[in-house]
Amino acid sequence: MTSSPISRRTALTGLVLLGAGGAAALTACSSGDRPVGAGAIAAAESARPTSGRTRTYRVNARRAQVDLGGRVVDTWAYGDQVPGTMLRATAGDRVRVAFTNELPEETSVHWHGLAIRNDMDGVPHLTSEPVAAGGRFDFDFTVPDPGTYWFHPHSGLQLDRGLYAPFVIDDPSEPGDYDAEWVVVLDDWTDGVGPTPEQIFADLKRGGGSMGGMDMGDGSMGGMGMGGDGGDVRYPLYLVNGRAPTDPDVLRAKAGQRVRIRLINAAADTIFDMALGAHRMTVTHSDGYPVEPAQTGSLRLGMGERYDVVVTLGSGVFPLAAQPLGKQGQAVALVRTASGPVPPSGYRPPELDTPPLTVVDLSAASGSALPARSPDSRQDVALSGSMSGYVWTINGRTYDKTRPLTVRQGQMTRLRITNHSMMGHPLHVHGHTFQLGPAGGRGPRKDTVLVPPMGGLEADLLADNPGRWMVHCHNAYHAEAGMMTRLDYQAT
């Protein structure tokens, strides 16, 4: 019998069915296993290539009044703006960040996507203690990989305020064949214009239906609302670089210039489809790693994902628009290269009606794949949950009852990721990247991947950064409701 060929897209997105014992196949700790200690973490850090340079920064988390584009709100932010001031370094640099917590409660800072030393990863009660109100913590780590990253708290629902900022790591060997660079951060916003994140979460737990928010004058309300497979929360505002569509951020360049746009989805509960009106984008990087250039009219970003695109600009004024998946509203910035009329309020670029490029359309660029080898272990990561009681799980367990994934230094483990819900989940692994499909194959390198509803994929991960690491859905409300586990290194 001749079998039908399976396309690469089908291989990455097709549903993987688990039997009743599927989750139980998870590699478990035996009674003789011991976690790695501080010596292994320090040894891994000392083995990193370094540039010999040190970058020193200060970051303060504080209460702030922020203008979102005609609406001044009281929120929490890094400094006095949203997003916070971008940090920048070059791969191999030592980075020292003096962090001060001026908030009324404890907080943390996680360096999203950076495979840094475990004790600097910023997950309270796992890699370090939380930073108390009025307290300080001095971060000190080497940044190993170039790319587009960001930082945010890993404490409760603090991400769904203004506590986030970009972190760009430059590649000293990159040719830089573009004329300008923009960093574009997408967000969903409720703080100060709708219910607080804590009120939203309490309503989700009660299952109380649509939660009344603040009427924004255009019929929109903040609060809980079924967003299809795009999220659980209906937001009053969607932002680009901290600005609402009523007074958008304006990105300026000259017609004919090539611009690199670093896109970051910092939203708590929203998947975005992004497009630049009257243009096509060429995707060059995903989560910091180069991919084979791929042209598209629109691009889908799950929460926590980053994509770099290059665009050759036309002449005029164009909307850079992000449509929240399954929700009403839009996030908009303007690209201006010449005089001309501004697109009318609510204008939707036709590019958003084209099928969005997703991760399954991408291939790793030469030199970006993991070393080709067979996996030493296979581990299941089954994502599921229920709106009834609002409980979300990995392998059938909430975080307080989790059975961690386990690896040993130098092993290659294959993650068999399945989504048993009708909602997309952006799965994020701290301290590592993984390759979709087999190591050494064509799949892109990622640290956050959007797993489609009732779908699945496989990814290989090389255990080269010892410690105990968080693995979780980057929907902040799902994580808070239990959709987290750990990846624990065991001593040899």
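Residues numbered from 1 in each chain as written. Predicted model: local features only at pLDDT ≥ 70, side-chain atom pairs only at ≥ 80, totals over all residues. Heavy atoms only, no water.

Trainee: How should I be thinking about helix α2 (residues 38-46) in this particular structure?
Mentor: Think of an α-helix as 3.6 residues a turn; residues three or four steps apart then line up on the same face. For α2, the set of buried residues is Ile41, Ala44 and Glu45. All buried residues of α2 project into a common sector of 100 degrees when viewed along the axis, lining one side. Turned more than 90 degrees away from the buried face of α2 sit Gly39 and Ser46, all of them exposed. Elements that come into contact with the buried residues of α2 comprise β6 (136-142). (Buried < 20%, exposed > 50% of the residue type's maximum accessible area, 1.4 Å probe, protein only. Helix = DSSP H or I, 4+ residues; strand = E, 2+ residues; numbered from the N terminus. Arc of directions from axis to C-beta. Contact = heavy atoms within 4.5 Å.)

Trainee: Hey, could you run me through the nonpolar core in this one?
Mentor: Side chains of nonpolar character tend, in soluble globular proteins, to be buried together. By size, the foremost hydrophobic cluster in this structure holds 94 residues, and its most contacted members are Trp182, Val184, Trp189, Leu299, Leu427 and Tyr477. When residues in this core are grouped by element, the largest group, 7 residues, is from strand β9 (residues 180-189). In this structure Val184 touches Val240, Asn241, Leu251, Ile261, Arg262, Leu263, Ile264, Met274 and Leu320, once residues within four positions along its chain are discounted. The next biggest cluster of nonpolar side chains, apart from the first, holds 26 residues, and it includes Leu87, Ala89, Leu114 and Ile169. (Core = buried A, V, L, I, M, F, W, Y, C linked by side-chain atoms within 4.5 Å.)

Trainee: Help me out: how do you make sense of the packing of aromatic side chains in this one?
Mentor: A ring pair, where both rings are aromatic, is described by two values, the distance of the centres and the angle of the planes. Inspection of the entire model under this criterion finds 12 aromatic pairs. Centroid distance Trp111 to Phe139: 5.2 Å. Interplanar angle 80 degrees. Geometry classified as edge-to-face. With Trp111 in strand β5 (residues 110-112) and Phe139 in strand β6, this residue pair connects regions lying 28 residues apart in the sequence. For Phe139, a relative accessible area of 4% gives the class buried. Among the aromatic residues, those joined into a cluster by ring pairs are Tyr78, Trp111, Phe137, Phe139, Phe141, Phe151 and Phe167. (Phe/Tyr/Trp six-rings, centres within 6.5 Å; stacked < 30°, edge-to-face > 60°.)

Trainee: What is the right way to look at the pairing of strand β31 (residues 468-473) in this model?
Mentor: Each regular strand displays side chains that alternate between the two surfaces of the sheet. Across the 6 residues of β31, 5 count as buried, placing the element largely inside the fold. Pairing of strand β26 (residues 425-429) with β31, which is carried by 3 bridges, proceeds in the antiparallel orientation. Following the sheet pairing, His428 is matched in β31 by His472. Inspection of the sheet shows β31 paired to strand β32 (residues 484-490) by 5 bridges, in the antiparallel sense. Within β32, the residue paired with Met470 across the bridge is Arg486. (Pairing = 2+ DSSP bridges.)

Trainee: Even after reading the chapter, I still don't get the sheet that holds strand β20 (residues 317-324), so can you show me in this structure?
Mentor: Hydrogen bonds along the backbone pair up the strands of a sheet, which may run parallel or antiparallel. The strand order across the open sheet built from 5 strands is β13-β21-β20-β15-β18, with neighbouring strands paired in mixed fashion. Because the sheet does not close on itself, it has two edges, and the strands there are β13 (250-252) and β18 (299-301). Within this sheet the neighbouring strands show an average axis-to-axis angle of 25 degrees, counted without direction. (Axes fitted to C-alpha atoms, helices over the stretch in contact; angles between N-to-C directions.)

Trainee: What's the story with helix α3 (residues 197-206) in this structure? I'm lost.
Mentor: For α3, the set of buried residues is Pro197, Ile200, Phe201, Asp203 and Leu204. The arc that holds the buried residues of α3, viewed along the axis, is 160 degrees, so those residues lie on one side. Following α3 by one or two positions, Gly207 adopts a phi angle in the positive range, close to 65 degrees.

Trainee: What is the right way to look at the sheet that holds β5 in this model?
Mentor: On the basis of which strands lie adjacent, the open sheet formed by 4 strands has the order β3-β8-β7-β5 and mixed pairing. The open sheet is flanked by β3 (87-90) and β5, the only strands paired with a single partner. Averaged over neighbouring strand pairs, the angle between their axes works out to 25 degrees when direction is ignored. Judged from the 5 bridges that link them, strand β7 (residues 147-152) and strand β8 (residues 165-170) form a sheet pairing that is antiparallel. Its bridge partner lying in β8, Trp150 is registered against Pro166.

Coordinates in, geometry out; function isn't part of it.
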